[in-house]
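Results of the structural survey
Below are the chains, spelled out letter by letter.
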Amino acid sequence: MKPPLPPLFILSILLLLSTVNAAASVPTKPTIIPAAPIEVPPTPSPTSAPSQARPLLPPTSPSPSSSSSPPPPPPSSSSSSNSLDPKQLRALQSLNIPTFKDPCKQPSLHNATVCDSSEPFRHLVFLRLANCSEDVALSFTALKSLSTLRSLEFVDCPISPIRFPADLVASLRSFTCTNSLRRLTGVWLSRLENLTDLSVSNVPVNASGPFVILGKMNIIKSVTVSNANLTGFFPRHLNHNLTHIDFSGNTLKGKLPTSITLLENLESLNLASNSFTGEIPTSVGDLISLQNLSLASNSFSGSIPESISAIPGLVHLDLSSNQFNGTIPSFLSEMKSLKYLNLENNQFHGVMPFNGSFLKRLEMFRIKGNSNLCYNHSILSSKLKLGIAPCDRHGLPLSPPPAKDDSSADENSDYDDSDGDDSSTHHKESHNGPNKVVLGVAIGLSSIIFLIIFLVCMSKCCR
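Residues numbered from 1 in each chain as written. Predicted model: local features only at pLDDT ≥ 70, side-chain atom pairs only at ≥ 80, totals over all residues. Heavy atoms only, no water.

Sheet architecture is open: 12 strands sit in the order β2-β3-β4-β5-β7-β9-β10-β12-β14-β16-β18-β20, paired in mixed fashion. On the outer flanks of this sheet lie β2 (113-115) and β20 (364-366), each paired with one strand and no other. Between one strand and the next, the sheet's axes are offset by a mean angle of 5 degrees, whatever the strand orientation. Relative to strand β18 (residues 340-342), strand β16 (residues 316-318) runs parallel, the two being bridged by 3 bridges. Bridge assignment links L317 to a residue of β18, and that residue is L341. (Pairing = 2+ DSSP bridges. Helix = DSSP H or I, 4+ residues; strand = E, 2+ residues; numbered from the N terminus. Axes fitted to C-alpha atoms, helices over the stretch in contact; angles between N-to-C directions.)

On to the confidence of the model for the protein, then. On average, residues of the protein score 79 in pLDDT, and 73% of them reach the 70 mark or higher. In this model, residues 75-81 is a region of pLDDT below 50 whose contacts with residues beyond four sequence positions or in other chains number 8 contacts. Low pLDDT, under 50, characterises residues 405-433; the predicted model gives this stretch 57 contacts beyond four residues in sequence or across chains. (pLDDT = per-residue confidence, 0-100. Contact = heavy atoms within 4.5 Å.)

All right, on to unusual backbone geometry then. Cis geometry is found at the peptide bond from E119 to P120, where omega equals -5 degrees. Of note, P120 is situated in the loop between β2 and β3 (124-130). In the Ramachandran plot, N202 falls in the positive-phi region, its phi being about 55 degrees despite a non-glycine side chain. With respect to the helices, strands and loops of the structure, N202 is situated in the loop between β7 (197-201) and β8 (205-206). Of the residues examined, N202 reaches a relative accessible area of 43% and is grouped as partly exposed. In the Ramachandran plot, N345 falls in the positive-phi region, its phi being about 60 degrees despite a non-glycine side chain. (Buried < 20%, exposed > 50% of the residue type's maximum accessible area, 1.4 Å probe, protein only.)

Looking along a regular strand, one sees the side chains alternate between the two faces of the sheet. Where burial is concerned, most of strand β5 (residues 174-178) is hidden: 4 out of the 5 residues are buried. With 5 bridges joining them, strand β4 (residues 151-155) and β5 adopt parallel strand pairing. Each bridged residue has a counterpart across the sheet, and for E153 the counterpart in β5 is T176. As for the winding sense of the linkage, the β-α-β connection from β4 through helix α4 (residues 166-171) to β5 is right-handed. For β5 and β7, the ladder comprises 5 bridges, and the chain directions are parallel. By the bridge assignment for β7, T178 is matched with S201. (Right-handed = clockwise from strand over helix to strand, strands pointing away.)

Glancing now at the packing of aromatic side chains. Applying the stated criterion to the full structure yields 9 aromatic pairs. The interplanar angle of 75 degrees and the centroid separation of 5.1 Å between the aromatic rings of F164 and W188 together place this pair among those described as edge-to-face. Of the two residues, F164 sits in the loop between β4 and α4 while W188 sits in helix α5 (residues 186-190), which places them 24 residues apart along the sequence. Accessibility classification places F164 together with W188 in one group, the buried group. Following the ring pairs from residue to residue traces out a cluster consisting of F154, F164, F175 and W188. (Phe/Tyr/Trp six-rings, centres within 6.5 Å; stacked < 30°, edge-to-face > 60°.)

It is worth spelling out a nonpolar patch on the surface at this point. A contiguous nonpolar patch, built from F450, F454 and M458 and spanning about 340 Å² of accessible area, is present on the exposed surface. Here F450 is to be found in helix α9 (residues 418-461). For F450, a relative accessible area of 60% puts it in the exposed group. (Patch = residues over 30% accessible without salt bridge, like charges linked within 9 Å, V, L, I, M, F, W, Y side chains within 5 Å. Areas by Shrake-Rupley, 256 points an atom, 1.4 Å probe, with all protein chains shown as cover. Salt bridge = Lys/Arg side-chain N within 4 Å of Asp/Glu carboxyl O.)

Looking now at the state of the cysteines. Applying the stated criterion across every chain, the model contains 3 disulfides. A disulfide bridge connects C104 with C115, and the sulfur atoms are separated by 2.2 Å. For the disulfide bridge between C104 and C115, the dihedral angle about the S-S bond is near -80 degrees, and by the sign convention the bridge is left-handed. Remark: C115 occurs in strand β2 and C104 occurs in the loop between α2 (86-94) and β2; sequence separation between them is 11 residues. Residue C104 is classed as buried on the basis of its relative accessible area of 4%. (Disulfide = S-S within 2.5 Å.)

Further remarks concern the environment of A296. Residue placement: A296 occurs in the loop between β14 (292-294) and β15 (299-302). For the pair A296 and N342, spaced 46 residues apart in the sequence, the C-alpha separation amounts to 8.7 Å.

This part is about the sheet that holds strand β11 (residues 253-254). One open sheet accounts for 7 strands, arranged β11-β13-β15-β17-β19-β21-β22; its pairing is parallel. For this open sheet the edge positions go to β11 and β22 (389-390), each flanked by a neighbour on one side alone. By the bridge criterion, 2 bridges tie β11 to strand β13 (residues 275-278) in an arrangement that is parallel. The partner of K253 across the bridge, within β13, is S275.

Attention shifts here to α2. What α2 keeps buried is the set Q88, A91 and L92. The arc that holds the buried residues of α2, viewed along the axis, is 100 degrees, so those residues lie on one side. Within α2, the exposed residues directed more than 90 degrees away from the buried face are K87 and R90. Each element contacted by the buried residues of α2 is listed here: β3 and α3 (140-145). Sitting at the amino-terminal end of α2 is D85, which places a side-chain oxygen 2.8 Å from the backbone nitrogen of K87. Where α2 terminates, the next one or two residues include N96, which has phi positive at roughly 60 degrees. (Arc of directions from axis to C-beta. Polar contact = N/O pair within 3.5 Å; in protein donor to acceptor, adjacent residues only side chain to side chain.)

Quick look at the structure:
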């Protein structure tokens, strides 16, 4: 009589289920995404001067005259309810400026006007003309009625300029022209003799040098003439009260005169994207108020003068895309205020003198594009992606730096901490976890099949 087989199959099924459950319960390690490397943040550029290397530095501080916000309205008084002078009201209407709302009531329409508190009628002290229509034209009569203006701005108004009335010229202290007023000339601008703030950008200016514009401006403090196709040389004599100079994006040439170091109040100097040559004046350290210096994208040469370390508040230094040579001076790392440093695309050679603590203190640092420059790999980690090679024992580059297509790793200093490596290791281990489970299940199934075959064979032998 044949022994019954159902118990064996039942036993086999129970063993199979218990093995599968055990294999499924094998704990797997969680997948850990490796931490992203800590990067020295980029920028800007400020000012963003229109330099090709602009990413570094921010960019210099914008001129006060280029601010898009109008000056604060004068303090209110009992005359604040007075209406605008009828002549000025008609002048605004002739310029297609809506007057259905009181231009003196703040905030004004599009923040385009600010009035004083004079009696019996109030008068305009600030006017911005923006996004002008094609049928707008400057009228000498209208401008004569607006002779109380102290600040006048043109933004995206490509209309033809006319000669300003003498009263308006005498009253103006701030003049801004951005992508406006076709066919500007240096002589036309030079008539605005009483300006303290001048900002002209993205407008072609026909002048044989900045001095044609600034020669008669005796109280000027801030000047921006950028992206204006301005030709000529840097002026040898400028008002000593200047705090802001921006001549970026022009075709100025020649050397920087040593007289520039007489500007003790100068806080920002942006000469990026011109055709300047020669060396930085050795007396540049006399610019004791300087905070932002951008000489990027010119043809300057020579070494970095040591006197630059005497500028106590220098925050932004951009010397990129020039022909500076020699070794990089170590005194740069001793400048406590320095936050943005761009030395890329020059001809520096030797061992870079900076350590990791200095580079971490910087908010932006660029050094690539100096083929004969290298870093001491016993001081700086190879995880720090600088775009230059490590040095050999002779202080020469071991190999050319790896070329990468505009990657952020090449653009900035990147730091990889140990957590990133550990995370990568965990990720690899967790990737292998599921493979072990599958292997365990396969072994369990094989064992069960073998057991079933063995039991079947035993049952046949016992017949």
